[in-house]
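These are the residues of each chain, in order.
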Amino acid sequence: MRRRDGLLRRSVRTLVGVTLGSLLALAELGFLIVASVGLVPIVAVPRSRDRVVGFVHRCARQLAVVEQRRLARWHQVHDLGPYSDRNAFRYIVRRWPIGALGGLVLLLLLFGLVVAGSMLTAWIFGGPWALIENGSDRISVETLAVALIPGTLLLYLNVMGIIGVPVLDARIARRSLVPSAEEVLTRRVSELTLSRAEVVQVVNDERRRIERDLHDGVQQRLVALGLLLSRARRTDDPDHAAALIKQAHEESEQALGDLREVAWRVYPTVLDELGLRDVIAVLAERSSIPVTLRYELSERPPATVETVAYFVISEAITNAAKHSGAERIEIVLRRQTAGFLVTVTDDGEGGADPGGRGLTGLAGRVAANDGTFSVHSPPGGPTIVKAELPCA
(Lines give C-alpha, C1' and ligand atoms only; values in the text may rest on other atoms or scores of the structure.)
Protein backbone atom coordinates (compact mmCIF):
# COMPACT_ATOMS: atom_id res chain seq x y z
CA MET A 1 0.00 0.00 0.00
CA ARG A 2 2.85 2.37 0.82
CA ARG A 3 4.49 1.64 -2.53
CA ARG A 4 1.27 2.51 -4.30
CA ASP A 5 0.95 5.72 -2.33
CA GLY A 6 4.56 6.62 -3.15
CA LEU A 7 4.08 5.89 -6.85
CA LEU A 8 0.88 7.92 -6.92
CA ARG A 9 2.56 10.80 -5.12
CA ARG A 10 5.52 10.80 -7.51
CA SER A 11 3.18 10.63 -10.51
CA VAL A 12 1.15 13.58 -9.29
CA ARG A 13 4.32 15.54 -8.52
CA THR A 14 5.71 14.85 -12.00
CA LEU A 15 2.43 15.80 -13.66
CA VAL A 16 2.21 19.07 -11.72
CA GLY A 17 5.85 19.87 -12.53
CA VAL A 18 5.35 19.30 -16.26
CA THR A 19 2.16 21.38 -16.21
CA LEU A 20 3.89 24.28 -14.49
CA GLY A 21 6.83 23.91 -16.87
CA SER A 22 4.55 24.21 -19.90
CA LEU A 23 2.95 27.35 -18.46
CA LEU A 24 6.38 28.82 -17.75
CA ALA A 25 7.40 28.00 -21.33
CA LEU A 26 4.66 30.35 -22.58
CA ALA A 27 5.95 33.11 -20.30
CA GLU A 28 9.53 32.46 -21.43
CA LEU A 29 8.57 32.52 -25.09
CA GLY A 30 6.76 35.81 -24.56
CA PHE A 31 9.78 37.20 -22.73
CA LEU A 32 12.11 36.20 -25.57
CA ILE A 33 9.82 37.75 -28.16
CA VAL A 34 9.61 41.02 -26.24
CA ALA A 35 13.38 40.97 -25.62
CA SER A 36 14.08 40.36 -29.31
CA VAL A 37 11.83 43.25 -30.34
CA GLY A 38 13.46 45.46 -27.72
CA LEU A 39 17.01 44.55 -28.74
CA VAL A 40 16.52 45.43 -32.41
CA PRO A 41 16.59 49.24 -31.92
CA ILE A 42 19.80 49.21 -29.87
CA VAL A 43 21.78 48.04 -32.90
CA ALA A 44 21.64 51.65 -34.08
CA VAL A 45 22.49 52.99 -30.60
CA PRO A 46 25.59 51.12 -29.36
CA ARG A 47 25.84 53.25 -26.20
CA SER A 48 22.78 51.69 -24.63
CA ARG A 49 23.58 48.15 -25.76
CA ASP A 50 25.32 46.98 -22.62
CA ARG A 51 22.70 48.51 -20.36
CA VAL A 52 19.76 46.95 -22.23
CA VAL A 53 21.46 43.58 -22.60
CA GLY A 54 22.25 43.59 -18.88
CA PHE A 55 18.61 44.35 -18.06
CA VAL A 56 17.42 41.50 -20.31
CA HIS A 57 19.87 39.10 -18.71
CA ARG A 58 18.72 40.11 -15.21
CA CYS A 59 15.10 39.47 -16.18
CA ALA A 60 16.14 36.09 -17.57
CA ARG A 61 17.80 35.33 -14.25
CA GLN A 62 14.51 35.88 -12.44
CA LEU A 63 12.84 33.35 -14.76
CA ALA A 64 15.75 30.96 -14.19
CA VAL A 65 15.26 31.29 -10.42
CA VAL A 66 11.59 30.38 -10.81
CA GLU A 67 12.58 27.39 -12.96
CA GLN A 68 15.15 26.37 -10.37
CA ARG A 69 12.52 26.40 -7.64
CA ARG A 70 10.11 24.40 -9.81
CA LEU A 71 12.74 21.77 -10.56
CA ALA A 72 13.67 21.53 -6.88
CA ARG A 73 10.08 21.35 -5.65
CA TRP A 74 8.50 19.01 -8.20
CA HIS A 75 11.39 17.12 -9.84
CA GLN A 76 13.92 16.95 -6.94
CA VAL A 77 16.72 18.69 -8.86
CA HIS A 78 18.77 20.58 -6.26
CA ASP A 79 22.34 20.80 -7.60
CA LEU A 80 21.99 23.91 -9.77
CA GLY A 81 24.15 27.04 -9.68
CA PRO A 82 25.84 29.29 -9.10
CA TYR A 83 25.32 30.80 -12.54
CA SER A 84 25.65 34.18 -14.21
CA ASP A 85 22.91 36.29 -15.80
CA ARG A 86 24.24 35.40 -19.24
CA ASN A 87 24.00 31.67 -18.51
CA ALA A 88 20.45 32.19 -17.21
CA PHE A 89 19.49 33.84 -20.52
CA ARG A 90 21.02 30.97 -22.49
CA TYR A 91 19.12 28.52 -20.32
CA ILE A 92 15.79 30.25 -21.01
CA VAL A 93 16.51 30.17 -24.75
CA ARG A 94 17.21 26.43 -24.62
CA ARG A 95 14.54 25.53 -22.11
CA TRP A 96 11.27 26.90 -23.48
CA PRO A 97 10.99 24.32 -26.33
CA ILE A 98 11.12 21.56 -23.71
CA GLY A 99 8.30 23.21 -21.82
CA ALA A 100 6.33 23.51 -25.05
CA LEU A 101 6.94 19.81 -25.71
CA GLY A 102 5.61 19.01 -22.24
CA GLY A 103 2.52 21.10 -22.94
CA LEU A 104 1.96 19.26 -26.22
CA VAL A 105 2.22 15.89 -24.46
CA LEU A 106 -0.31 17.04 -21.86
CA LEU A 107 -2.71 18.21 -24.59
CA LEU A 108 -2.42 14.86 -26.37
CA LEU A 109 -3.09 13.08 -23.08
CA LEU A 110 -6.11 15.24 -22.41
CA PHE A 111 -7.39 14.70 -25.96
CA GLY A 112 -6.95 10.94 -25.64
CA LEU A 113 -8.78 10.86 -22.31
CA VAL A 114 -11.68 12.87 -23.74
CA VAL A 115 -11.97 10.59 -26.79
CA ALA A 116 -11.72 7.45 -24.67
CA GLY A 117 -14.31 8.75 -22.23
CA SER A 118 -16.75 9.70 -24.96
CA MET A 119 -16.39 6.31 -26.70
CA LEU A 120 -16.86 4.48 -23.41
CA THR A 121 -19.95 6.57 -22.71
CA ALA A 122 -21.31 5.80 -26.20
CA TRP A 123 -20.76 2.08 -25.62
CA ILE A 124 -22.63 2.14 -22.30
CA PHE A 125 -25.28 4.79 -22.79
CA GLY A 126 -25.20 5.55 -26.51
CA GLY A 127 -24.24 8.80 -28.12
CA PRO A 128 -22.73 10.49 -31.18
CA TRP A 129 -20.07 7.79 -31.71
CA ALA A 130 -22.80 5.14 -32.08
CA LEU A 131 -24.77 7.20 -34.59
CA ILE A 132 -21.64 7.81 -36.66
CA GLU A 133 -20.86 4.10 -36.75
CA ASN A 134 -24.17 2.43 -37.71
CA GLY A 135 -27.02 4.69 -36.73
CA SER A 136 -27.85 2.60 -33.66
CA ASP A 137 -28.09 3.82 -30.10
CA ARG A 138 -24.86 2.21 -28.85
CA ILE A 139 -21.37 1.65 -30.21
CA SER A 140 -20.35 -1.93 -30.91
CA VAL A 141 -17.81 -3.92 -28.93
CA GLU A 142 -15.75 -4.58 -32.07
CA THR A 143 -15.33 -0.86 -32.72
CA LEU A 144 -14.36 -0.26 -29.09
CA ALA A 145 -11.78 -3.10 -29.24
CA VAL A 146 -10.25 -1.76 -32.45
CA ALA A 147 -10.02 1.74 -30.97
CA LEU A 148 -8.42 0.32 -27.84
CA ILE A 149 -5.18 -0.62 -29.66
CA PRO A 150 -4.16 2.86 -30.90
CA GLY A 151 -5.56 4.37 -27.70
CA THR A 152 -3.30 2.19 -25.56
CA LEU A 153 -0.32 3.07 -27.76
CA LEU A 154 -1.12 6.76 -27.49
CA LEU A 155 -1.46 6.46 -23.69
CA TYR A 156 1.91 4.70 -23.49
CA LEU A 157 3.59 7.42 -25.58
CA ASN A 158 1.99 10.11 -23.43
CA VAL A 159 3.17 8.48 -20.20
CA MET A 160 6.69 8.06 -21.58
CA GLY A 161 6.62 11.68 -22.72
CA ILE A 162 5.55 12.92 -19.29
CA ILE A 163 8.34 10.85 -17.70
CA GLY A 164 10.94 11.92 -20.26
CA VAL A 165 10.24 15.66 -20.27
CA PRO A 166 11.45 16.20 -16.66
CA VAL A 167 14.59 14.18 -17.38
CA LEU A 168 15.35 16.30 -20.44
CA ASP A 169 14.45 19.43 -18.49
CA ALA A 170 16.87 18.56 -15.69
CA ARG A 171 19.62 17.71 -18.19
CA ILE A 172 19.30 21.07 -19.94
CA ALA A 173 19.25 22.87 -16.60
CA ARG A 174 22.41 21.14 -15.37
CA ARG A 175 24.17 21.79 -18.67
CA SER A 176 23.23 25.48 -18.64
CA LEU A 177 23.19 26.43 -14.95
CA VAL A 178 25.87 24.22 -13.39
CA PRO A 179 29.31 25.79 -13.88
CA SER A 180 31.92 23.80 -15.74
CA ALA A 181 35.15 22.59 -14.16
CA GLU A 182 37.09 25.49 -15.70
CA GLU A 183 34.58 28.02 -14.37
CA VAL A 184 34.74 26.46 -10.91
CA LEU A 185 38.55 26.58 -10.91
CA THR A 186 38.59 30.17 -12.15
CA ARG A 187 36.10 31.25 -9.51
CA ARG A 188 38.00 29.35 -6.84
CA VAL A 189 41.30 30.98 -7.78
CA SER A 190 39.71 34.44 -7.66
CA GLU A 191 38.10 33.67 -4.29
CA LEU A 192 41.40 32.39 -2.88
CA THR A 193 43.24 35.46 -4.15
CA LEU A 194 40.66 37.75 -2.59
CA SER A 195 40.55 35.83 0.68
CA ARG A 196 44.35 35.85 0.91
CA ALA A 197 44.38 39.62 0.54
CA GLU A 198 41.62 39.91 3.13
CA VAL A 199 43.51 37.65 5.54
CA VAL A 200 46.64 39.79 5.18
CA GLN A 201 44.54 42.89 5.85
CA VAL A 202 42.91 41.27 8.88
CA VAL A 203 46.30 40.26 10.30
CA ASN A 204 47.66 43.78 9.82
CA ASP A 205 44.59 45.30 11.48
CA GLU A 206 44.91 42.89 14.39
CA ARG A 207 48.55 43.81 14.83
CA ARG A 208 47.70 47.52 14.86
CA ARG A 209 44.91 46.97 17.38
CA ILE A 210 47.14 44.87 19.65
CA GLU A 211 49.86 47.51 19.45
CA ARG A 212 47.34 50.25 20.26
CA ASP A 213 45.91 48.28 23.19
CA LEU A 214 49.36 47.58 24.58
CA HIS A 215 50.46 51.21 24.12
CA ASP A 216 47.33 52.88 25.47
CA GLY A 217 46.53 50.34 28.17
CA VAL A 218 49.22 48.03 29.49
CA GLN A 219 52.17 50.29 28.77
CA GLN A 220 50.59 53.29 30.48
CA ARG A 221 49.74 51.23 33.54
CA LEU A 222 53.26 49.83 33.73
CA VAL A 223 54.67 53.36 33.52
CA ALA A 224 52.34 54.43 36.32
CA LEU A 225 53.39 51.36 38.31
CA GLY A 226 57.06 52.28 37.92
CA LEU A 227 56.44 55.86 39.01
CA LEU A 228 54.53 54.75 42.10
CA LEU A 229 57.28 52.34 43.12
CA SER A 230 59.90 55.01 42.51
CA ARG A 231 58.03 57.48 44.73
CA ALA A 232 57.63 54.80 47.40
CA ARG A 233 61.38 54.22 47.43
CA ARG A 234 62.19 57.92 47.76
CA THR A 235 59.74 58.79 50.51
CA ASP A 236 60.69 58.68 54.19
CA ASP A 237 57.12 58.53 55.43
CA PRO A 238 56.10 54.88 56.07
CA ASP A 239 52.39 55.64 55.78
CA HIS A 240 52.89 57.43 52.46
CA ALA A 241 55.07 54.59 51.20
CA ALA A 242 52.43 52.04 52.17
CA ALA A 243 49.75 54.03 50.31
CA LEU A 244 51.96 54.25 47.22
CA ILE A 245 52.65 50.53 47.33
CA LYS A 246 48.93 49.87 47.64
CA GLN A 247 48.28 51.99 44.53
CA ALA A 248 51.10 50.17 42.72
CA HIS A 249 49.49 46.85 43.61
CA GLU A 250 46.15 48.04 42.18
CA GLU A 251 47.88 49.21 39.01
CA SER A 252 49.58 45.84 38.64
CA GLU A 253 46.22 44.07 38.92
CA GLN A 254 44.69 46.38 36.33
CA ALA A 255 47.67 45.87 34.02
CA LEU A 256 47.25 42.11 34.42
CA GLY A 257 43.57 42.48 33.52
CA ASP A 258 44.46 44.50 30.45
CA LEU A 259 46.96 41.82 29.41
CA ARG A 260 44.23 39.19 29.74
CA GLU A 261 41.94 41.31 27.56
CA VAL A 262 44.62 41.62 24.88
CA ALA A 263 45.32 37.89 25.05
CA TRP A 264 41.61 37.10 24.66
CA ARG A 265 41.45 39.33 21.60
CA VAL A 266 44.43 37.57 20.05
CA TYR A 267 43.22 34.06 20.86
CA PRO A 268 41.37 32.77 23.93
CA THR A 269 43.33 29.70 25.03
CA VAL A 270 40.37 28.58 27.15
CA LEU A 271 38.53 27.98 23.87
CA ASP A 272 40.60 24.81 23.39
CA GLU A 273 39.85 23.64 26.91
CA LEU A 274 36.25 24.67 27.52
CA GLY A 275 34.78 24.78 24.02
CA LEU A 276 32.76 27.39 22.18
CA ARG A 277 29.63 27.18 24.32
CA ASP A 278 31.35 27.92 27.62
CA VAL A 279 33.50 30.68 26.15
CA ILE A 280 30.42 32.40 24.70
CA ALA A 281 28.78 32.08 28.09
CA VAL A 282 31.77 33.94 29.58
CA LEU A 283 31.41 36.65 26.93
CA ALA A 284 27.71 36.92 27.76
CA GLU A 285 28.45 37.34 31.47
CA ARG A 286 31.05 40.03 30.80
CA SER A 287 28.79 41.96 28.42
CA SER A 288 27.22 45.21 29.63
CA ILE A 289 24.06 44.29 27.67
CA PRO A 290 21.93 41.27 28.63
CA VAL A 291 22.71 38.38 26.27
CA THR A 292 20.48 35.40 25.44
CA LEU A 293 22.29 32.33 24.09
CA ARG A 294 20.62 29.56 22.07
CA TYR A 295 23.22 26.86 21.47
CA GLU A 296 21.65 24.20 19.23
CA LEU A 297 24.78 22.23 18.25
CA SER A 298 24.80 18.59 19.25
CA GLU A 299 28.53 18.14 18.61
CA ARG A 300 31.58 20.35 18.94
CA PRO A 301 32.76 22.05 15.70
CA PRO A 302 36.40 21.90 14.54
CA ALA A 303 38.86 24.22 16.25
CA THR A 304 39.30 26.56 13.26
CA VAL A 305 35.55 26.98 12.93
CA GLU A 306 35.18 27.59 16.66
CA THR A 307 37.80 30.31 16.47
CA VAL A 308 36.06 32.16 13.64
CA ALA A 309 32.69 31.84 15.38
CA TYR A 310 34.17 33.20 18.61
CA PHE A 311 35.59 36.29 16.91
CA VAL A 312 32.32 36.93 15.06
CA ILE A 313 30.33 36.79 18.30
CA SER A 314 32.88 38.75 20.30
CA GLU A 315 33.12 41.57 17.75
CA ALA A 316 29.34 41.71 17.35
CA ILE A 317 28.84 42.02 21.11
CA THR A 318 31.54 44.70 21.32
CA ASN A 319 30.02 46.73 18.48
CA ALA A 320 26.54 46.45 20.00
CA ALA A 321 27.81 47.66 23.37
CA LYS A 322 29.70 50.61 21.88
CA HIS A 323 27.46 51.89 19.11
CA SER A 324 23.97 50.37 19.00
CA GLY A 325 22.36 51.47 22.25
CA ALA A 326 20.72 48.05 22.42
CA GLU A 327 18.98 46.66 25.45
CA ARG A 328 19.24 42.98 24.54
CA ILE A 329 21.43 40.72 22.39
CA GLU A 330 20.47 37.28 21.13
CA ILE A 331 23.05 34.72 19.95
CA VAL A 332 21.95 31.62 18.03
CA LEU A 333 24.19 28.78 16.86
CA ARG A 334 22.38 26.28 14.66
CA ARG A 335 23.54 23.26 12.65
CA GLN A 336 23.02 23.24 8.89
CA THR A 337 23.52 20.71 6.14
CA ALA A 338 27.12 21.59 5.32
CA GLY A 339 28.10 23.51 8.44
CA PHE A 340 26.48 25.74 11.01
CA LEU A 341 25.02 29.22 11.24
CA VAL A 342 26.00 31.92 13.73
CA THR A 343 23.46 34.72 14.22
CA VAL A 344 23.90 37.71 16.53
CA THR A 345 20.90 40.04 16.81
CA ASP A 346 20.58 43.23 18.85
CA ASP A 347 17.57 45.53 19.24
CA GLY A 348 19.59 48.71 18.92
CA GLU A 349 19.34 51.69 16.61
CA GLY A 350 20.81 49.93 13.58
CA GLY A 351 22.76 51.72 10.87
CA ALA A 352 25.88 49.58 11.22
CA ASP A 353 28.32 50.04 8.35
CA PRO A 354 29.32 46.69 6.79
CA GLY A 355 32.35 48.44 5.33
CA GLY A 356 33.69 49.41 8.73
CA ARG A 357 37.04 48.11 9.91
CA GLY A 358 35.68 45.66 12.48
CA LEU A 359 32.97 44.12 10.26
CA THR A 360 35.31 44.04 7.27
CA GLY A 361 37.82 42.12 9.36
CA LEU A 362 35.11 39.64 10.36
CA ALA A 363 34.11 39.20 6.73
CA GLY A 364 37.74 38.45 5.90
CA ARG A 365 38.00 35.86 8.66
CA VAL A 366 34.84 34.13 7.55
CA ALA A 367 35.84 34.22 3.87
CA ALA A 368 39.22 32.72 4.73
CA ASN A 369 37.32 29.79 6.20
CA ASP A 370 35.19 29.41 3.03
CA GLY A 371 32.15 30.85 4.78
CA THR A 372 29.72 33.64 4.03
CA PHE A 373 29.21 36.77 6.13
CA SER A 374 26.34 39.26 6.05
CA VAL A 375 25.17 42.26 8.06
CA HIS A 376 21.59 43.56 8.00
CA SER A 377 21.25 46.79 9.93
CA PRO A 378 18.49 49.14 8.69
CA PRO A 379 18.03 52.51 10.41
CA GLY A 380 16.06 51.92 13.57
CA GLY A 381 17.28 48.34 13.87
CA PRO A 382 17.53 45.56 14.52
CA THR A 383 21.08 44.67 13.57
CA ILE A 384 21.55 41.05 12.45
CA VAL A 385 25.04 39.64 11.93
CA LYS A 386 25.16 36.23 10.24
CA ALA A 387 28.07 33.93 9.50
CA GLU A 388 27.59 30.62 7.69
CA LEU A 389 30.63 28.46 8.37
CA PRO A 390 31.32 25.17 6.59
CA CYS A 391 32.03 22.25 8.86
CA ALA A 392 33.39 19.50 6.62
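Residues numbered from 1 in each chain as written. Predicted model: local features only at pLDDT ≥ 70, side-chain atom pairs only at ≥ 80, totals over all residues. Heavy atoms only, no water.

A. Expanded view of the pairing of strand β4 (residues 372-376). Here β4 runs beside strand β5 (residues 383-390); their pairing, made up of five bridges, is antiparallel. Paired with Phe373 across the bridge in β5 is Ala387. Connecting β4 to the antiparallel partner β5 that follows it, the hairpin turn spans six residues, and Gly380 within it adopts a positive phi of roughly 95°. (Pairing = 2+ DSSP bridges. Helix = DSSP H or I, 4+ residues; strand = E, 2+ residues; numbered from the N terminus.)

B. Structural detail: a positive patch on the surface. There is a patch of like positive charges on the surface, built from Arg86, Arg90, Arg94, Arg171 and Arg175. Within the residue set of the positive patch, elements represented by two or more residues are α3 (85-124) and α5 (141-177). Of all the elements, α3 adds the most residues to the positive patch, at three residues. For Arg94, the location among the structural elements is in helix α3. Residue class for Arg94 comes out partly exposed when judged on its relative accessible area of 43%. (Patch = residues over 30% accessible without salt bridge, like charges linked within 9 Å, V, L, I, M, F, W, Y side chains within 5 Å. Areas by Shrake-Rupley, 256 points an atom, 1.4 Å probe, with all protein chains shown as cover. Salt bridge = Lys/Arg side-chain N within 4 Å of Asp/Glu carboxyl O. Lys, Arg positive; Asp, Glu negative; His and termini not counted. Charge placed at Lys NZ, Arg CZ, Asp CG, Glu CD. Buried < 20%, exposed > 50% of the residue type's maximum accessible area, 1.4 Å probe, protein only.)

C. Structural detail: the sheet that holds β4. Across the sheet, which stays open at both edges, the five strands sit in the order β1-β2-β3-β5-β4 with mixed pairing between neighbours. Strands with a single pairing partner mark the edges of an open sheet, and in this sheet they are β1 (291-296) and β4. Here the average twist between neighbouring strands, direction ignored, is 10°. As judged from the six bridges shared by β1 and strand β2 (residues 329-335), these two strands associate in the parallel manner. Bridge assignment links Glu296 to a residue of β2, and that residue is Arg334. Seen against the sheet, helix α9 (residues 276-286) touches β1 and β2 and runs at an angle of roughly 170° to β1. Helix α10 (residues 303-324) rests against β2, β3 (339-346), β4 and β5 of the sheet, and its axis sits at about 10° to β3. (Axes fitted to C-alpha atoms, helices over the stretch in contact; angles between N-to-C directions. Contact = heavy atoms within 4.5 Å.)

D. Looking closely at the side chain of Ser287. Mapped onto the secondary structure, Ser287 falls in the loop between α9 and β1. The class of Ser287 is buried, set by a relative accessible area of 17%. Within the local environment of Ser287, its side chain forms a polar contact with the backbone oxygen of Ile289, the two atoms lying 3.0 Å apart. (Polar contact = N/O pair within 3.5 Å; in protein donor to acceptor, adjacent residues only side chain to side chain.)

E. Seen up close, unusual backbone geometry. For Gln76, which is not glycine, the phi torsion reads 55° and is therefore positive. Assignment of secondary structure puts Gln76 in the loop between α2 (49-74) and α3. The partly exposed category is assigned to Gln76, whose relative accessible area is 45%.

F. Expanded view of the packing of aromatic side chains. Across all of its chains, the model carries one aromatic pair by this definition. Geometrically, the ring pair formed by Tyr310 and Phe311 is edge-to-face, given 5.2 Å between the ring centres and 70° between the ring planes. Exposure remark for Tyr310: the relative accessible area of 2% places this residue in the buried category. Phe311 sits in the buried class, given a relative accessible area of 8%. (Phe/Tyr/Trp six-rings, centres within 6.5 Å; stacked < 30°, edge-to-face > 60°.)

G. Examining the pattern of salt bridges more closely. Enumeration according to the criterion identifies 13 salt bridges in this entry. A salt bridge links Arg70 to Glu67, with the shortest nitrogen-to-oxygen separation between them at 2.7 Å. Residue Arg70 and its partner Glu67 are located together in helix α2, separated by three residues, close to a single helical turn. Assigned by exposure class, Arg70 and Glu67 land together as buried. Bridged by salt links that share partners, the residues Glu28, Glu67, Arg70, Arg95 and Asp169 form one connected network.

H. Fine view of the nonpolar core. Of all hydrophobic cores here, the largest spans 34 residues; its most connected members are Ile313, Ile331, Leu333 and Val342. Only α9, β1, α10, β2, β3, α11 (357-368) and β5 provide two or more residues apiece to this core. If you tally residues by element for this core, the top one is α10, at ten residues. Residues Val18, Ala35, Leu109 and Ala173 belong to the second largest nonpolar core, which totals 26 residues. (Core = buried A, V, L, I, M, F, W, Y, C linked by side-chain atoms within 4.5 Å.)

I. Focus on the packing of α9 against α10. Following both chains from N to C, one finds α9 and α10 inclined at 15°, their axes separated by 11 Å at the closest point. One element, α9, and the other, α10, form an angle in the roughly parallel class. The element α9 and its partner α10 pack so that their crossing is right-handed. Here Leu276, Val279, Ile280 and Leu283 of α9 come into contact with α10, specifically with Glu306, Ala309, Tyr310, Ile313, Ser314 and Ile317. The residue inventory of the contact of α9 with α10, partitioned by class, reads eight nonpolar, one polar and one charged. (Parallel < 35°, antiparallel > 145°, perpendicular 65-115°, else oblique. Left-handed = near helix turned anticlockwise from the far one by under 90°. Nonpolar A, V, L, I, M, F, W, Y, C, P; charged D, E, K, R; others polar.)

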